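Residue-level listing of the chains:
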Amino acid sequence: MGNTDPKTRLKEIVDSYLNKDGGGMIDTGIVASHLAQMKLFGIRQGVEFFPAQDNFGNQRKDFVDRVIKYNQLDTRLDSIWDYFLCDGQGIFYIRPTKTNYRLYYFRRHEYRSYYNIDGQLDEVVIIYSYKVRQGSGYQQEIVNQSISGPDMMGQGGAKRFIRLSIKKKVIKETHSEGELSFDSTYQGLASNTKTFVNTLGFIPCVEIFNNAKGFSAEGVGEFDALANHICTHDEMVSTMRKNVTFFGNPTLLSSRPKTDLMESGESAVQRPSIAANSGFAGMNPLSQSRFKSDPLSRGVDGQIRVPRVIANLEPNDRVGYIVPDAITGDQNSFSRQYREEIRTALGGVDELSISAGVTATEYKSLFGRVAATAKKKAASVYTYGLCRCLELIIFQEEQLFRETLASAVGLEKPVDLPEDATPEQIDLYEGAMKFYEEQIKQLLMASLKAQQIPPGVQGLIPDGDVTIQWRWMGPVYEDSTQDTLNNSIVVRNLQELGVDSIEALKYLFPSKTDEERAAMLSGFPFRMVGELQSAYSQFAKLVGGMMQTPHPQSPDLPMAADPRLDLTPYLYRTLEALQKEMSYAGRYRPIDPTDEPSTSSDSSSKQLRGGSSSAGTSSSSTGSTGTSGLSGGYELPSSGTSGSPQLPIKPYSVRPPIPTSGTSGGSGGQSMGIGVQQGNERAEYTSPIPVPGSTLSGGDTIRTSELRTDKQQPGYTTIGSADLVSQPGILGQLFPNLLDSLISGARRNPDTDRNESRKQTGDGRVRGRGTSRAKQVRPKPRRNAR
């Protein structure tokens, strides 16, 4: 162990903890203790995510709760913290499904992120493994072993690998039975690669960094800088453990020979006893004491041991026990100090031996350093990680609302430009998009004015700022009743000093937002109202007295006529304070254009500097914004509505046509993750990817040369003739009078023939009364085929 490279040994220690492997022969507890302490102060009693603005019946909060519950985020925060702290960086991947959004977290060795020259995410490649359940047949086992080998078989199935190449417009998915790498192009696995349309329009990945090196896109693990110290402490503790094992039993010290004092725990070798050598024997010849018996002795596991009785000692013999000190006091003190220094360098506190903590107050104050360190880590995981993911999801749902609203009224969105578009095509596309955005804005205003949403609209109503905030659901140290009472006294004293009630309540409810504190003040503040009324009454009495008292310098005028003694502003000030205390409410904030991800393939220089607007024009009239790009790998969008609020609204309640709180996925539910598609390309949500580490059933297995496509014919096409399937209208062409005969035979009342509004087309199709689309004629007769 002493010759092992510290980085290699540290990797073994960290992997042993992350994999929950107890057989790694790890003696130091620094890694486990520090991670447990960071998670204690970083997660505490749980984390709650909520929108900073939610004016339409808590639609955003309910949606965020559904996404978090769908991904079981509260149970996965511990592993996310472990991976994030140990690896130094990680990435979140948002994958839309048919009814929700799936959040994935990948470790440092499972992905590669590629940035463009401006520092924005250009491509993300993810590789991970999963398992596939195998059949129980004999032939199936032979095929599996011949393909993947017996080493690839494990509990639960055979290992498979998947490679995802994520770009703004397309997502390529490659499955393989062999291990994949990031350096190969895998042109030979073209048959195993499927291409999907990225319906989100941006790279749905958020990368987070731990101990970031300045402004570089690279993080450092929590224990990398202290690898030598941790390995030294591990070796030190290992040596101390061996000393305890070796010197744990006392040592026998004697002047007699070892053979006289020690005996083997095994009874195979026996020697004549002292009684037999002295001539003692029993009455029965078979019971003569020729050999020593096995006395009760100390010792375990067949080792040599000391008898309970040691006889035939001479006067000059010495027999005694020596109890050695397995771990000296200096060695124990040095190990404890070494551990404290490492924990302090990591930003934590060693709970087992706090030298400076004597009283409970000092002990609690020492953990302020731990709380500060964990809060910095929490900002990376929550603020710039999970909150950013939820913001992107809400942004996509609001885009879905806009697109489905346009689709509901028949407004078509311009088709995206190809990669090799000409400048003329780009100009035409920008003009069409500008007109499209203006029409969308008018539709939103009309829906707001009517307070009604057309049927078929999905997603979330645009509500301005999409910022998602987080807070801990409870502290590590619970406040006692005395602490709460002291905080309430502070709040009351601050209010008496004239401090705003929302600011004063921060001492009593530090985890709540200003909007929530304002909502809490919706009751009747009788104490403040009483004090304000009393103050107003005193000012009014004072004014009345001044009106009756003559001015000393002008006895013919009252004192209230002096402008320098005017008390009217104080009366107004008192009434304004009373009105403020009685009318607290939240504030509406428009959307921040820098929070929108990039959905355009144009260069950032064109978006930032190459627009047609001047520096002094408003961003709402141009297609570019004048702010810098996002730090999370995103660039500014080129949409015309990004610089202005999506809805210049006040908090109103917009009524959907049908309840949206029911089951998702149905016609009445609020479907999530499904966008309006252009063309016939397959979307990524139509093909779910396997969860890392999961085991798929055999029916869903993706094997070599067996990839499923949408063009695959159903199973019933192999039965009977293929003409009826390949040519759906052949029945109407061969028998043009068959439809009339079937309808006339199915009618019971011949008078209904005159009321029939359907018309038969020339190719055997029937058109409904309310639509112009032709429907396929079914051979089964129906009474009322509308």
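The rules behind each value
Residues numbered from 1 in each chain as written. Predicted model: local features only at pLDDT ≥ 70, side-chain atom pairs only at ≥ 80, totals over all residues. Heavy atoms only, no water. Helix = DSSP H or I, 4+ residues; strand = E, 2+ residues; numbered from the N terminus. Buried < 20%, exposed > 50% of the residue type's maximum accessible area, 1.4 Å probe, protein only. Contact = heavy atoms within 4.5 Å. Areas by Shrake-Rupley, 256 points an atom, 1.4 Å probe, with all protein chains shown as cover. Salt bridge = Lys/Arg side-chain N within 4 Å of Asp/Glu carboxyl O. Axes fitted to C-alpha atoms, helices over the stretch in contact; angles between N-to-C directions. Parallel < 35°, antiparallel > 145°, perpendicular 65-115°, else oblique. Left-handed = near helix turned anticlockwise from the far one by under 90°. Expected span 1.5 Å × (residues − 1). Core = buried A, V, L, I, M, F, W, Y, C linked by side-chain atoms within 4.5 Å. Phe/Tyr/Trp six-rings, centres within 6.5 Å; stacked < 30°, edge-to-face > 60°. Lys NZ or Arg CZ within 6 Å of the ring centre and 35° of its normal. Pairing = 2+ DSSP bridges. Disulfide = S-S within 2.5 Å. Arc of directions from axis to C-beta. Nonpolar A, V, L, I, M, F, W, Y, C, P; charged D, E, K, R; others polar. pLDDT = per-residue confidence, 0-100.

1. A look at the overall build of the protein
Logical step 1: When helices and strands are tallied, the protein shows 21 helices and 19 strands.
Logical step 2: When the 786 residues of the protein are sorted by exposure, 35% land in the buried category.
Logical step 3: A separation threshold of at least 6 residues defines the contact pool for the protein, and within that pool the share at least 24 residues apart is 70%.
Logical step 4: A total accessible area of about 46,200 Å² is found for the protein, and carbon and sulfur atoms account for 53% of it.

2. Focus: the environment of leucine 200
Logical step 1: Within the element layout of this structure, leucine 200 appears in the loop between β9 (193-197) and β10 (205-209).
Logical step 2: Judged by its relative accessible area of 7%, leucine 200 falls in the buried class.
Logical step 3: In this structure, the C-alpha to C-alpha distance between leucine 200 and glutamate 684, residues 484 residues apart in sequence, is 9.5 Å.

3. Digging into the pattern of salt bridges
Logical step 1: This structure, assessed with the given rule, holds 25 salt bridges.
Logical step 2: Among the ionic pairs, lysine 39 bridges to aspartate 82, the shortest N-O distance being 3.3 Å. Of the two residues, lysine 39 is situated in helix α2 (residues 30-43) and aspartate 82 in helix α4 (residues 73-87); the sequence distance between them amounts to 43 residues.
Logical step 3: Here lysine 39 falls in the buried class, since its relative accessible area comes to 14%.
Logical step 4: Using a relative accessible area of 4% as the deciding quantity, one classes aspartate 82 as buried.

4. So, the packing of helix α15 (residues 526-548) against helix α16 (residues 568-582)
Logical step 1: Look at α15 against α16: their axes get within 10 Å of each other, and the N-to-C directions meet at 165°. Considering their axes alone, α15 and α16 lie roughly antiparallel with respect to each other. Helix-helix and strand crossings are classified by hand; for α15 and α16 the assignment is left-handed. Contacts between α15 and α16 pair Met528, Val529, Leu532, Tyr536, Phe539, Ala540 and Val543 from the former with Tyr570, Leu571, Thr574, Leu575, Ala577, Leu578, Glu581 and Met582 from the latter.

5. Brief notes about the side chain of serine 501
Logical step 1: Here serine 501 lies in helix α13 (residues 501-504).
Logical step 2: With relative accessibility at 1%, the residue serine 501 sits in the buried group.
Logical step 3: Not counting residues within four places of it along the chain, the set of residues in contact with serine 501 comprises Gln495, Leu521, Glu581 and Tyr584.

6. Topic: helix α11 (residues 423-450)
Logical step 1: With 28 residues, α11 extends 41 Å from end C-alpha to end C-alpha; this agrees with the ideal 40 Å at 1.5 Å per step.
Logical step 2: Once α11 finishes, glutamine 451 follows within two positions and takes phi at roughly 50°, a positive value.

7. Here's the deal with the nonpolar core
Logical step 1: Among the nonpolar cores identified, the biggest contains 62 residues, and Phe49, Phe223, Ile230, Tyr382, Leu386, Leu390 and Trp470 are the most heavily contacted of them.
Logical step 2: Beyond its immediate chain neighbours, meaning those up to four positions away, leucine 386 contacts Phe49, Leu73, Leu77, Phe92, Leu103 and Val381.
Logical step 3: Residues Tyr128, Tyr130, Ile162 and Ile166 belong to the second largest nonpolar core, which totals 18 residues.

8. Describing the packing of aromatic side chains
Logical step 1: Going through the model one piece at a time under the given rule, you end up with 15 aromatic pairs.
Logical step 2: Joined through ring pairs, the aromatic side chains of Phe49, Trp81, Tyr382, Trp470 and Trp472 make up one cluster.
Logical step 3: When the ring centre of tyrosine 17 is taken as origin, the NZ or CZ atom of lysine 20, which lies over that ring, is 4.8 Å away.
Logical step 4: Above the ring of phenylalanine 50, the side-chain terminus of arginine 471 is found at 4.4 Å from the ring centroid.

9. A few points about the sheet that holds strand β3 (residues 101-106)
Logical step 1: Strand order in this open sheet of three strands is β3-β2-β10, and the pairing throughout is antiparallel. The sheet is open, and its two borders are formed by β3 and β10, each paired with just one other strand. When strand polarity is set aside, the average angle formed by the axes of neighbouring strands in this sheet is 20°.
Logical step 2: As paired elements, strand β2 (residues 89-96) and β10 share five bridges and run antiparallel to each other. Paired with glycine 90 across the two strands is isoleucine 208, which belongs to β10.

10. Some thoughts on the pairing of β3
Logical step 1: Across the six residues that make up β3, a large majority, five, are buried.
Logical step 2: Relative to β3, β2 runs antiparallel, the two sharing six bridges. Across the sheet, arginine 95 pairs through a bridge with arginine 102, a residue of β3.
Logical step 3: The turn joining β2 and β3, which pair antiparallel and follow one another in sequence, is formed by four residues.

11. A look at the state of the cysteines
Logical step 1: Considering all chains together, one arrives at zero disulfides under this definition.
Logical step 2: The closest cysteine sulfur to the non-disulfide-bonded cysteine 389 is located on cysteine 205, 8.6 Å from its own sulfur.

12. A short note on the environment of cysteine 231
Logical step 1: Within the element layout of this structure, cysteine 231 appears in helix α6 (residues 227-247).
Logical step 2: Along the sequence, cysteine 231 and isoleucine 26 sit 205 residues apart, while their C-alpha atoms lie 9.9 Å from each other.
Logical step 3: Leave out the neighbours within four places in its chain, and cysteine 231 touches Pro6, Arg9 and Leu10.

13. A few points about helix α12 (residues 481-496)
Logical step 1: With 16 residues, α12 should reach 22 Å at 1.5 Å per residue; the first-to-last C-alpha distance of 23 Å fits that figure.
Logical step 2: When we look at burial in α12, the residues that qualify are Val491, Leu494 and Gln495. The arc enclosing the buried residues of α12, seen along the axis, measures out at 100°, which places them on a common side.
Logical step 3: Residues of α12 that are buried in the fold lie against α13 and α15.
Logical step 4: Glycine 498 lies just past α12 and shows a positive phi near 100°.

14. A look at unusual backbone geometry
Most peptide bonds take the trans form, and the phi angle of most residues other than glycine is negative.
Logical step 1: Of note, the phi angle at asparagine 58 is positive, near 60°, even though the residue is not glycine.
Logical step 2: Among the structural elements, asparagine 58 can be located in the loop between β1 (47-51) and α3 (59-71).
Logical step 3: A positive phi is found at glutamine 72, a non-glycine position, where the angle reads about 50°.
Logical step 4: Among the secondary structure elements, glutamine 72 is positioned in the loop between α3 and α4.
Logical step 5: Take glutamine 72: its relative accessible area is 43%, and that puts it in the partly exposed class.

15. Structural notes on the packing of α6 against helix α9 (residues 329-345)
Logical step 1: Packing of α6 against α9 leaves a shortest axis separation of 11 Å and a crossing angle of 150°. With respect to α9, the axis of α6 lies roughly antiparallel. Classified by chirality, the crossing of α9 by α6 is left-handed. Contacts from His229, Ile230, Thr232, His233, Met236, Val237, Met240 and Asn243 of α6 reach α9 at Gln331, Asn332, Phe334, Ser335, Tyr338, Arg339 and Ile342.
Logical step 2: Partitioned by chemical class, the residues of the contact of α6 with α9 number seven nonpolar, seven polar and one charged.

16. Focus: the confidence of the model for the protein
Logical step 1: Mean pLDDT for the protein: 74, with 66% of residues reaching 70 or above.
Logical step 2: Across residues 699-726, where pLDDT falls below 50, the model places 26 contacts with residues more than four positions away in sequence or in other chains.
Logical step 3: Under a pLDDT of 50 for its full length, residues 748-786 has, in the predicted model, 45 contacts with residues more than four places off or in other chains.

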